[in-house]
Amino acid sequence: MSVRVRFAPSPTGYLHVGGARTALFNWLYARKMGGVHILRIEDTDRERSTEAHTQVILDGLRWLGIEWDEGPYFQGAFGARHRADAERLLAEGKAYRCFCTTADLDAQRKAMAGMKTAFRYDGRCGRLGAAEVEAKVAAGTPSAIRFRMPQGEIAWDDAVHGRISFQGHDLDDLVILRSDHTPIYNLAVVSDDIEMRITHVIRGDDHVSNTPKQIALYRALGHEPPVFAHVPMILGDDGKKLSKRHGATAVGDYQDKGILPAAMRNFLALLGWSPGGDREILPEAEMIAAFSLEGIQKKPAVFDTAKLEWMNGQYLSQLSADALLAPTERELARMGVTAPGRDLRPLIDSVKARSRTILNIAEQVAVRLDPSRVVRDAKGEQLAAKLGTAFSANLAVVADALDRIPAAEWHSDRILADMKALAEARGAKLGDLLQPVRVVLTGSTVSEPVNDLLVVVGREESLARLNAGVRT
RNA sequence: GGCGCUAUCGUCUAGAGGCCUAGGACACAGCCCUCUCAAGGCUGGUACACGGGUUCGAAUCCCGUUAGCGCUACCA
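Counting from 1, residues in each chain are numbered in the order their sequence is written. Labels are handed out in written order, letters beginning with A for the chains and numbers beginning with 1 for the ligands. Confidence filtering applies because this is a predicted model: local features only for residues at pLDDT of at least 70, side-chain atom pairs given and counted only at 80 or more, and all residues used for totals across whole chains, interfaces and linings. With hydrogens and water stripped out, all remaining heavy atoms of the structure feed into the side-chain values.

Draft legend 1. Summary view of the sheet that holds strand β4 (residues 95-98). One open sheet accounts for three strands, arranged β4-β5-β8; its pairing is antiparallel. The two strands at the open ends of the sheet, each matched to only one other strand, are β4 and β8 (175-177). Along the sheet, successive strands turn relative to each other by an average axial angle of 45°, direction set aside. Of the strand pairs in this sheet, strand β5 (residues 144-147) and β8 are connected by two bridges, and their pairing is antiparallel. Following the sheet pairing, Ile145 is matched in β8 by Leu177. Strands were regarded as paired on the criterion that DSSP finds at least two bridges between them. Here a helix means four or more residues in a row that DSSP labels H or I, a strand means two or more in a row labelled E, and each is numbered from the N terminus. Fitted lines through C-alpha atoms give the axes, limited to the stretch in contact for helices. The angle between two N-to-C directions lies from 0 to 180 degrees.

Shown next as structure tokens:
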């Protein structure tokens with residue numbers, strides 16, 4: 001039987017990194033096994049679900065390069081089947097009508113508050129006589145449908161955790177159909193997974209306590225449960241559940257920060273999964289080849305932004321300026337920087353080695369393009385203070401020497417040769433000559449080699465900035 | 001409270017009884033390279049939660065303790 005997996009987000013918020021990773025694992029497993037990856041939007045919570053959220057989730061998945069072979073299906077469209085399944089269970093005596101109102105339930109809960117055990121529905125409506133039920137129905141009393149939880153052990157062999165076992169008597173008789181005839185999550189999932197012939201349910205750890213309920217539902221409905229694989233949560237750097245106060249947690253935020261989809265995918269894959277051994281950078285094909293459910297970690301993982309950025313830098317350095325051009329231009333446009341007719345690729349090449357994100361690249365390109373974006377940072381100020389009058393004196397000397405290089409010979413090699421000769425002639429250190437140039441050109445003490453920087457900024461623009469620097 | 005899950009460097013992890021005086025990566029520190037930085041190379045510190053077993057031998061198996069997390073809805 002061929003593998004069929006699904007990613008089933010509920011559109012009640014943005015696509016967060018935990019969900020993205022779950023999707024990634026589903027997709028990797030499908031690709032690895034030559035199976036089918038299905039996208040199903042679980043929009044049965046109509047109060048919190050929005051179309052905008054659905055769109056954000058779809059966009060996020062596409063950005064990450066996670067494809068689906070079927071769907072997106074919308075769970076809300078399957079209400080009739082969910083209802084039919086609930087009624088079948090009712091007809092077979094595996095479920096019963098519950099006439100308790102929300103207020104009744106609250107009262108029951110309150111009454112049990114002092115007791116040591118947790119509140120559990122006592123099944124009182126399940127003990128109603130047939131005549132009594134009929135009378136209530138005839139009287140038009142609204143009722144929900146409750147599933148009769150079987151007693152005894154319910155266990156399964158989880159693909160990541162191994163055997164997990166619950167006792168039926170610890171579980172509630174759960175409502176499967178609301179009194180307004182809409183389905184409850186646990187029923188809808190099982191009904192859909194059966195209908196879609198899902199073979200492996202790969203989902204977040206937070207669902208393990210739902211699993212025994214769902215297994216019971218599978219059996220009551222006359223189907224074998226699928227293989228379950230519960231992947232652990234992703235935590236913030238304080239060990240707490242990842243949330244907005246940890247900074248970016250939505251995949252769209254990382255897109256905005258200039259993270260590459262391939263790097264994000266690689267990083268997410270390695271959060272809670274390991275191919276075994278020492279590999280870190282895994283191209284898509286290798287990732288698929290190495291993927292296995294057994295390689296998934298049991299314990300939650302902390303999301304380490306520094307490592308993500310390191311990884312992004314690795315991917316960045318492998319990409320050509322050609323490949324980086326479009327995303328960089330997009331970023332520049334957002335910053336309001338345009339350079340019509342200018343080939344930005346040499347600038348990107350010049351700058352990408354010192355960048356960890358597209359945003360870094362764009363910022364540095366912008367500074368080289370537009371003198372108004374040069375802002376002297378703390379290190380730059382420090383250097384100027386340290387050199388004192390030598391700062392502008394050196395600038396003047398360098399500017400003078402550079403001015404003698406004809407435009408046709410404004411090349412990296414020629415500039416470096418002249419600078420070295422100048423340093424030697426004056427008995428100065430090359431660094432003392434060049435650092436002021438770097439600071440005046442970029443505002444910072446960090447950049448590509450100054451001779452390259454001069455080429456990238458251009459002869460006239462460089463000289464203009466240097467001369468302006470001498471005067472201040 | 002109940003039920004369940006988890007436990008190797010600060011972080012991500014390798015490790016399926018002897019290969020472990022515990023390996024890699026990020027981060028950190030130092031050195032090399034160098035006009036600065038990044039990259040790269042080298043070096044360094046830091047971990048098997050605790051307590052009992054089982055075994056000739058345990059990071060690896062079992063039990064307990066502790067801690068963390070999840071669920072406990074007519075939410076998903």
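That shown, we press on.
Draft legend 2. Quick look at the packing of aromatic side chains. Whether two aromatic rings pair depends on their centres lying within 6.5 Å, for rings of Phe, Tyr and Trp, where Trp uses its six-membered ring; planes under 30 degrees apart make the pair stacked, over 60 edge-to-face, and the rest tilted. Within this structure, the stated rule accounts for seven aromatic pairs. Aromatic pair Tyr73 and Phe78: ring centres 6.3 Å apart, planes at 55°, arrangement tilted. Aromatic pair Trp156 and Phe166: ring centres 6.1 Å apart, planes at 5°, arrangement stacked. Taken together, the residues span a long stretch of sequence, with Trp156 in strand β6 (residues 153-158) and Phe166 in strand β7 (residues 162-167) at a distance of 10 residues.

Draft legend 3. Summary view of the domain arrangement of chain A. Either an automatic procedure or a domain database provided the assignment from which the domain bounds are taken. Along its sequence, chain A is organised into domain 1 (1-68 + 232-318), domain 2 (80-177), domain 3 (319-369) and domain 4 (378-471). Averaged C-alpha coordinates put domain 1 and domain 4 at centres separated by 46 Å.

Draft legend 4. The arrangement of the packing of helix α15 (residues 378-387) against helix α16 (residues 389-403) in detail. Interaxial distance between α15 and α16 falls to 5 Å at its minimum, and their mutual angle equals 95°. As the angle between them shows, α15 and α16 are arranged roughly perpendicular. On the side of α15, the interface is formed by Leu383, Ala384 and Leu387, while α16 contributes Thr389, Ala390 and Phe391. Gly falls in the polar group here, along with every residue not listed as nonpolar (Ala, Val, Leu, Ile, Met, Phe, Trp, Tyr, Cys, Pro) or charged (Asp, Glu, Lys, Arg). Among the residues making up the contact of α15 with α16, the classes are represented as five nonpolar, one polar and no charged. When describing relative orientation, an angle under 35 degrees is termed roughly parallel and one over 145 degrees roughly antiparallel, while 65 to 115 degrees is termed roughly perpendicular and anything else oblique. The contact criterion used throughout is that any non-hydrogen atoms of two residues lie within 4.5 Å.

Draft legend 5. Structural detail: the side chain of Arg203. Mapped onto the secondary structure, Arg203 falls in strand β9 (residues 200-204). A polar side-chain atom of Arg203 sits 3.2 Å from a polar atom in the side chain of Thr211. What Arg203 contacts, discounting residues up to four positions off in sequence, is Arg6, Thr22, Tyr185, Val189, Thr211, Gln214, Phe228, Ala229, His230 and Val231. The definition of a polar contact used here is a pair of N or O atoms within 3.5 Å, where within protein one atom must be able to donate a hydrogen and the other to accept one, and adjacent residues in sequence count solely through side-chain atom pairs.

Draft legend 6. Region of the structure containing the packing of helix α18 (residues 430-442) against helix α20 (residues 459-471). Interhelical geometry of α18 versus α20 gives an angle of 105° and a closest axis separation of 9 Å. On the basis of the axis angle, α18 is roughly perpendicular to α20. Where α18 abuts α20, its residues Val437, Val440 and Leu441 lie against Ser462, Arg465, Leu466 and Gly469. Among the residues making up the contact of α18 with α20, the classes are represented as four nonpolar, two polar and one charged.

Draft legend 7. View of the layout of surface pockets. Here the largest pocket is characterised by a volume of approximately 1,200 Å³. If you trace the largest pocket, you find 40 residues lining it, with Pro9, Ser10, His16, Asp206 and His207 closest to the centre. Of all the secondary-structure elements, those providing two or more residues to the lining of the largest pocket are β1 (4-7), α1 (17-33) and β9. Examining the composition of the lining of the largest pocket, we find that five residues originate from one element, α1, more than from any other. The residue makeup of the lining of the largest pocket, split by class, is 16 nonpolar, 14 polar and 10 charged. One number sums up the size of the second largest pocket: a volume of about 310 Å³. For the lining of the second largest pocket, the secondary-structure elements that each account for two or more residues are α4 (102-111) and β5. Looking at the lining of the second largest pocket, its residues break down into eight nonpolar, four polar and four charged. The definitions used throughout rest on a 1 Å grid laid over the protein atoms alone, on which a cavity is an enclosed set of points accommodating a 1.4 Å probe that cannot get out and a pocket is an open set flanked by protein within 12 Å on both sides along at least five of seven lines; lining residues are those having an atom within 4 Å of a point. Grid points are joined across faces, edges and corners, and a volume is the space filled by probe spheres set on the points.

Draft legend 8. Inspection of the pattern of salt bridges at higher detail. Each reported salt bridge corresponds to a side-chain nitrogen of Lys or Arg within 4 Å of a carboxyl oxygen of Asp or Glu. Counted according to the given criterion, the structure contains 29 salt bridges. With a closest N to O distance of 3.1 Å, Arg31 and Asp69 form a salt bridge. Here the residue Arg31 occupies a position in helix α1, and Asp69 occupies one in the loop between α2 (51-64) and β3 (70-74), the gap between them amounting to 38 residues. Classification of Asp69 as partly exposed rests on a relative accessible area of 38%. For Asp85, the salt bridge identified is with Arg88, shortest N-O distance 4.0 Å. Taken together, the residues Asp85 and Arg88, both in helix α3 (residues 79-91) and three residues apart, mark about one turn of the helix. Only protein chains enter the accessibility calculation, which uses a 1.4 Å probe; a residue whose area is less than 20% of its type maximum is buried, one above 50% is exposed, and one in between is partly exposed.

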